There are 2 protein chains.
Amino acid sequence: MEDNIIEEKEVKPRNRDNFLIKQRAFVKLYLLTWIEQGRPYGKEMLEDFYKTFKHFNYKPNHSEVYKGLHELLEDGIITRSRIIKEGSKRKELKVYEIANMDEARRYKKQVKEDLDRSIGLLNKAVRDNF
Amino acid sequence: MEDNIIEEKEVKPRNRDNFLIKQRAFVKLYLLTWIEQGRPYGKEMLEDFYKTFKHFNYKPNHSEVYKGLHELLEDGIITRSRIIKEGSKRKELKVYEIANMDEARRYKKQVKEDLDRSIGLLNKAVRDNF
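Residues numbered from 1 in each chain as written. Chains lettered and ligands numbered in written order. Predicted model: local features only at pLDDT ≥ 70, side-chain atom pairs only at ≥ 80, totals over all residues. Heavy atoms only, no water.

- Where an unreviewed UniProt entry is consulted, chain A appears under the name Replication termination protein, with the organism given as Bacillus salipaludis.

1. Let's talk about the interface of chain A and chain B
- Counting residues at the interface gives 39 residues for chain A, matched by 39 residues for chain B.
- The contact between chain A and chain B buries some 3800 Å² in all, and 69% of this surface belongs to carbon and sulfur atoms.
- Along the contact surface separating chain A from chain B lie zero salt bridges.
- Our count for the contact surface shared by chain A and chain B stands at ten residue pairs in polar contact (both at pLDDT 80 or more).
- Going through the elements one at a time, α1 (2-11), α2 (23-36) and α5 (101-129) of chain A are the ones with two or more residues in the side of chain A that touches chain B.
- It is α5(A) that provides the largest number of residues to the side of chain A that touches chain B, a total of 16 residues.
- Tallied by class, residues from the side of chain A that touches chain B come to 18 nonpolar, ten polar and eleven charged. (Contact = heavy atoms within 4.5 Å. Buried area = accessible area lost by both parts, 1.4 Å probe. Salt bridge = Lys/Arg side-chain N within 4 Å of Asp/Glu carboxyl O. Polar contact = N/O pair within 3.5 Å; in protein donor to acceptor, adjacent residues only side chain to side chain. Helix = DSSP H or I, 4+ residues; strand = E, 2+ residues; numbered from the N terminus. Nonpolar A, V, L, I, M, F, W, Y, C, P; charged D, E, K, R; others polar.)

2. Focus: the pattern of salt bridges
- One pass over the full model with this rule turns up 22 salt bridges over all chains.
- Between B:K112 and B:D116 there is a salt bridge; the shortest N-O distance is 2.9 Å. Separated by four residues within a single helix, B:K112 and B:D116 lie in helix α4 (residues 101-129), roughly one turn from each other.
- Residue B:K112 is classed as partly exposed on the basis of its relative accessible area, which comes to 24%.
- Via salt bridges that share partners, A:R24, A:K28, A:E64 and A:E71 belong to a single interconnected network. (Buried < 20%, exposed > 50% of the residue type's maximum accessible area, 1.4 Å probe, protein only.)

3. A word on the environment of B:D17
- For B:D17, the position within the fold is in the segment before α1 (23-36).
- For the pair B:D17 and B:K59, spaced 42 residues apart in sequence, the C-alpha separation works out to 24 Å.
- Aside from chain neighbours lying at most four places away, what touches B:D17 is A:Q23, A:Y58, A:K59 and B:K22.

4. Here we look at the confidence of the model for chain A
Residues and elements named next belong to chain A.
- With 86% of its residues at a pLDDT of at least 70, chain A reaches an overall mean of 86.
- Taken element by element, the predicted model of chain A shows its lowest mean pLDDT in α1 (40) and its highest in α5 (97).
- In this model, residues 1-14 is a region of pLDDT below 50 whose contacts with residues beyond four sequence positions or in other chains number 13 contacts.
- Among the prediction metrics, the complex's ipTM stands at 0.83, with pTM recorded as 0.83. (pLDDT = per-residue confidence, 0-100.)

Have a look at this one:
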């Protein structure tokens, strides 16, 4: 029993105890779906999170959203372009697109499994304790 | 088994981003239910966690369980006694009981709300993304 705990620490650093789905994966799932749907701007997506989860009293930290975008970029699942708007005030916009649809699907499938596992874990807690 | 718990009073707000229910609350919920049901031994409860969640590939860290017991003790919701078994090898057992049933119920009700909110958040993610 004690041995297992030590082993897990070494082998699985990211999600050591495997409790519920991590916020980063949850955020990246929404980012991918929104980019697929053609909502390309990072800033808008942050506001979309606020609107989407207002009812749940959940508000992802803005750095969580930008780290999510960064990881998807690093993994080659999305790409980013810059649009320079010329006008009275020059403005730069960052635009995200899916770069690798197969990888995007694979990632979403993996997150779905963790979502289902998490929902099962929480429903079990309701059944067992109430 | 000694519970050498380093006292760490959490200064930060409990659930800053308010994502999903925290593992500590989840663990304390099960501890309370098991103590109510007359499973009084800390060590057995740790093993109960392993058995209960084996299917979900979730294994709470043993310090998480002992910190949960410690917090319930500190809040006066449970009490601990020691039983000294005399025999060939003297053995000490720690036994937990509910001390304040009203507080136990109040705490469980509060955890239930956070469980329901968390389940709603995860179900929404499934609906929105798949």
